[in-house]
Amino acid sequence: MAFLLRRLGFYALSAFVAVTVNFFLPRLMPGDPAVALFSRFQGRLAPEAMVALRESFGLSGGSLVSQYGRYLAHLAQGDLGVSVAYFPAPVGSLLAHALPWTVLLAGSSLAVSFTLGTALGVLVAWRRDSVLDRFLPGFLTFIGAFPYFFVALAAVYLFGYQLRVLPVGNAYGADVAPSWSFAFARDVAAHGLLPLATLVVTSCGGWVLTMRSSLVGVLGSEHVRMALARGIPRWRVMLFYAARTAILPSVTSLGMAIGFVVGGSLLTEVVFSYPGQGYLLVQAVRAQDYALMQGIFLLITLSVLAGNFLVDALTVWLDPRTREADS
Amino acid sequence: MSSPLDFLTRGPLGEALRRDRRARFGLAIVALFALMALVGPTLFGDADAPVARPLEPPSAAHWLGTTGQGQDVLAQLVVGARSTLAVGLSVGAAVVAIGALVGVTAGYLGGSADFLLSQLINVLLVLPGLPLAVVVAAYLPSGPATVVAVLTLTGWPWNARVFRAQALALRSRDWVAAAVVSGESHGAIVVRYLLPTMTSLLVTQLIGSTVYAIGAEVGLEFLGIGDVSRVTWGTALYWAANDSALLTGAWWTFVPPGLCIALVAFALVLLSSAFDEATNPGLRTERHWRLALGAHAPPPASPTPVVPHG
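Read on for a plain summary of the structure. (Residues numbered from 1 in each chain as written. Chains lettered and ligands numbered in written order. Predicted model: local features only at pLDDT ≥ 70, side-chain atom pairs only at ≥ 80, totals over all residues. Heavy atoms only, no water.)

Broken down by element type, chain B carries 12 helices and 0 strands. Going from the N terminus to the C terminus, chain B shows its helices and strands as α-α-α-α-α-α-α-α-α-α-α-α. Classification of the 310 residues of chain B by burial places 46% in the buried group. Put simply, 69% of the contacts in chain B that link residues at least 6 apart link residues at least 24 apart. Split by element, the accessible area of chain B, about 14800 Å² in all, is 68% carbon and sulfur. (Helix = DSSP H or I, 4+ residues; strand = E, 2+ residues; numbered from the N terminus. Buried < 20%, exposed > 50% of the residue type's maximum accessible area, 1.4 Å probe, protein only. Contact = heavy atoms within 4.5 Å. Areas by Shrake-Rupley, 256 points an atom, 1.4 Å probe, with all protein chains shown as cover.)

The following block contains the structure:
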């Protein structure tokens, strides 16, 4: 328990850093959101509106400390300001609509990629010297060298243009309404399949290599040889004695991987016009919509922190040493 | 006699190149692209100018076809190599330099200095890099300098963690204690005693960080961060996606830059892992042992011959 509490404290600190960075960025950096919005409505805003704009962004009025206080108060109410790109929609509601899609895409691709990659890693470690083991690691390293979104571009070209077998763009078709029905779920799955597959293809190589090298190390250890000597079937030893121990490095890097997968998923969303955070992020960059950008940064950071905490809980469950350290 | 290319035949890199086919392949690819980056822009001149109708397929006149704005894809590819690789290498060098200094300092000093620096490193590591880079970049003037700055900001903590671990392992050695006793300052011990012992780690981290930097740079440019009017591999992909080249079947606008990025990254990874194995015998895989032992391996067991009695 002490381990988890300590981690919780660390994530609270990280969240505080993110929130504070978010506050200081517009105040310390050369760019100015009010100027950006002002120039967007060229000539249609009176110069006096500039003052009001700066005030509405919370960029003026009172000392830095009181601005920070107001910023925190607004944040606590989920008030992240007003979007410029989707004026006058509040940033909070835009984010709320986009969040489920990103969580769905990033979460499912991480789960599939981890499971598939780790299973493949066990397989190649089990069949060392096979053709599979000779070529798979090199091949996966090569595939992993491609940028996430490049594979997505290739998939759009191949399946969306050449073969026309799967829908590309958006999260569900224009002819179905969101509901808890089978038809809608099937449509969402069809639209999500390609983005998911491209993410899995580019990211699963790392899991294969991590699991393979860890498992090869564990296979030489005493407890595995002992189990084999006792006459326990090889596959049982492999799965319940060796893989059980060897999976720990993979689980530890799962936390680090969350940030990367989210980054990759943002870019993949852009390619597929998938209506998640990444798609919003591009609209925000194009329109110089600072409030929206910062809201996305904050929300993604908090989600990644939450994901990391889940991984920590998983580590405690898998690795007795983290529990022993407490007592 | 020493020549500038001595490093290719001597030391761990030379050993890796002699022993490992992957290292030779990696070095050849990297050298090819380095040459492209050096002479490319002078060979092709202005790659931004429209030369033919938009989205023409590859032909004898334009080997890789034309972009959505009628520019020559091959010219853009060759010219774009310089900016792409220069940004990648600058970020790689910067994150290793900062990461090594901060990490080694933290690991060497220990105590509360290490605690504070480690907390900083860990917090930055857990913040998602891409959204942070985008948000910071949005406030800066667009261009390569901004891309280098934001990627350095988000990339150095990885290196700091690796170098800190290395310094922790070294700090209790006798020669470090001897340097302390002889009155060397902390700064001198970090820079003149500890860092020089880590050259092989510095090289592998530099290669790894450059791979990270190229991928992240291309990702940022694809989002439209950075200057989309400059010719780089990332902006080539940005325009390929935004000129609806995909849905008109113009594969030649996005396959060449993507392939180049992947080739450079793959070649660097091969080079790095071969170098790593040459400098760090503990990492040598059993494959190498089997290669080394192959000639002396015992012959396959055969059944004991049964001599029939007459």
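Residue and element names in this part refer to chain A. Position of serine 83 relative to the elements: it lies in the loop between helix H4 (64-76) and helix H5 (91-126). With relative accessibility at 0%, the residue serine 83 sits in the buried group. Separated by 2.9 Å, the side chain of serine 83 and the backbone nitrogen of tyrosine 86 make a polar contact. For serine 83, the side chain forms a polar contact with the side chain of aspartate 289, separated by 2.6 Å. (Polar contact = N/O pair within 3.5 Å; in protein donor to acceptor, adjacent residues only side chain to side chain.)

Turning our attention to the pattern of salt bridges. Residue and element names in this part refer to chain B. Inspection of the entire model under this criterion finds 6 salt bridges over all chains. We note a salt bridge from arginine 164 to aspartate 114, for which the minimum N-O separation is 2.7 Å. Taken together, the residues arginine 164 in helix H6 (residues 144-170) and aspartate 114 in helix H4 (residues 111-126) connect sequence positions 50 residues apart. Between glutamate 184 and arginine 192 there is a salt bridge, with its nearest N and O atoms 3.4 Å apart. With a relative accessible area of 54%, arginine 192 lands in the exposed category. (Salt bridge = Lys/Arg side-chain N within 4 Å of Asp/Glu carboxyl O.)

On to the environment of Val218(B). Tracing the chain through its elements places Val218(B) in helix H9 (residues 199-222). The exposure class of Val218(B) is buried, given its relative accessible area of 0%. For the pair formed by Val218(B) and Val147(B), sequence separation is 71 residues and the distance between their alpha carbons is 9.8 Å. Discounting residues that sit within four places of it in the chain, Val218(B) has contacts with Phe149(A), Gly234(B), Leu237(B) and Ile261(B).

Contact with chain A, which involves 50 residues of that partner, is made by 46 residues of chain B. Carbon and sulfur atoms supply 83% of the area that chain A and chain B bury against each other, a total of about 4100 Å² over both sides. Area buried by chain A at its contact with chain B is led by Leu153(A), Tyr157(A) and Met256(A), which between them contribute 13% of it. At the junction of chain A with chain B, the criterion picks out 0 salt bridges. Connecting chain A to chain B are 3 residue pairs in polar contact (both at pLDDT 80 or more). Elements represented by at least two residues in the side of chain A that touches chain B include exactly helix H1 (2-28), helix H6 (131-145), helix H7 (148-162), helix H8 (182-219), helix H11 (248-272), helix H12 (277-286) and helix H13 (290-318) of chain A. Residue composition of the side of chain A that touches chain B, grouped by class: 38 nonpolar, 8 polar and 4 charged. (Buried area = accessible area lost by both parts, 1.4 Å probe. Nonpolar A, V, L, I, M, F, W, Y, C, P; charged D, E, K, R; others polar.)

This brings us to the packing of helix H3 (residues 73-109) of chain B against H9(B). All names here are of chain B. Direction vectors running N to C along H3 and H9 enclose 130 degrees, while the axes themselves pass 7 Å from each other. One element, H3, and the other, H9, form an angle in the oblique class. For the pair H3 and H9, the crossing hand works out as right-handed. Contact with H3, carried on its side by Ser83, Thr84, Leu85, Val87, Gly88, Leu89, Val91, Gly92, Ala93, Val95, Val96 and Ala100, involves Leu202, Gln205, Leu206, Ser209, Thr210, Tyr212, Ala213, Ile214 and Glu217 of H9 and no other residues of that element. (Axes fitted to C-alpha atoms, helices over the stretch in contact; angles between N-to-C directions. Parallel < 35°, antiparallel > 145°, perpendicular 65-115°, else oblique. Left-handed = near helix turned anticlockwise from the far one by under 90°.)

Bringing the environment of Ala291(A) into the picture now. All names here are of chain A. With respect to the helices and strands, the residue alanine 291 is situated in helix H13. By relative accessible area, which is 13% here, alanine 291 ends up buried. Separated by 207 residues in sequence, alanine 291 and valine 84 place their C-alpha atoms 7.8 Å apart.

Turning our eyes to something else, we now look at the packing of aromatic side chains. Aromatic ring pairs are reported here in terms of the distance separating the ring centres and the angle at which the planes meet. All names here are of chain A. In this structure the tally under the stated criterion is 21 aromatic pairs over all chains. Arranged with centres 4.7 Å apart and planes meeting at 70 degrees, the rings of phenylalanine 23 and tyrosine 68 form a pair that is edge-to-face. On the criterion of sequence distance, the pair formed by phenylalanine 23 in helix H1 and tyrosine 68 in helix H4 is long-range, its members being 45 residues apart. In this pair, the class of phenylalanine 23 matches that of tyrosine 68, namely buried. Taken together, a centroid distance of 5.0 Å and an interplanar angle of 80 degrees make the contact between phenylalanine 114 and tryptophan 207 edge-to-face. (Phe/Tyr/Trp six-rings, centres within 6.5 Å; stacked < 30°, edge-to-face > 60°.)

What follows concerns helix H2 (residues 21-44) of chain B. All names here are of chain B. A rise of 1.5 Å per residue sets the reference length of H2, with its 24 residues, at 34 Å; its end C-alpha atoms lie 33 Å apart and thus fit the reference within 8%. When H2 is considered as a whole, its buried residues turn out to be Ala23, Gly26, Ile29, Phe33, Met36, Ala37, Gly40 and Pro41. Backbone geometry just after H2 places glycine 45 at a positive phi near 65 degrees. (Expected span 1.5 Å × (residues − 1).)

All we've got here are geometric facts, nothing functional implied.
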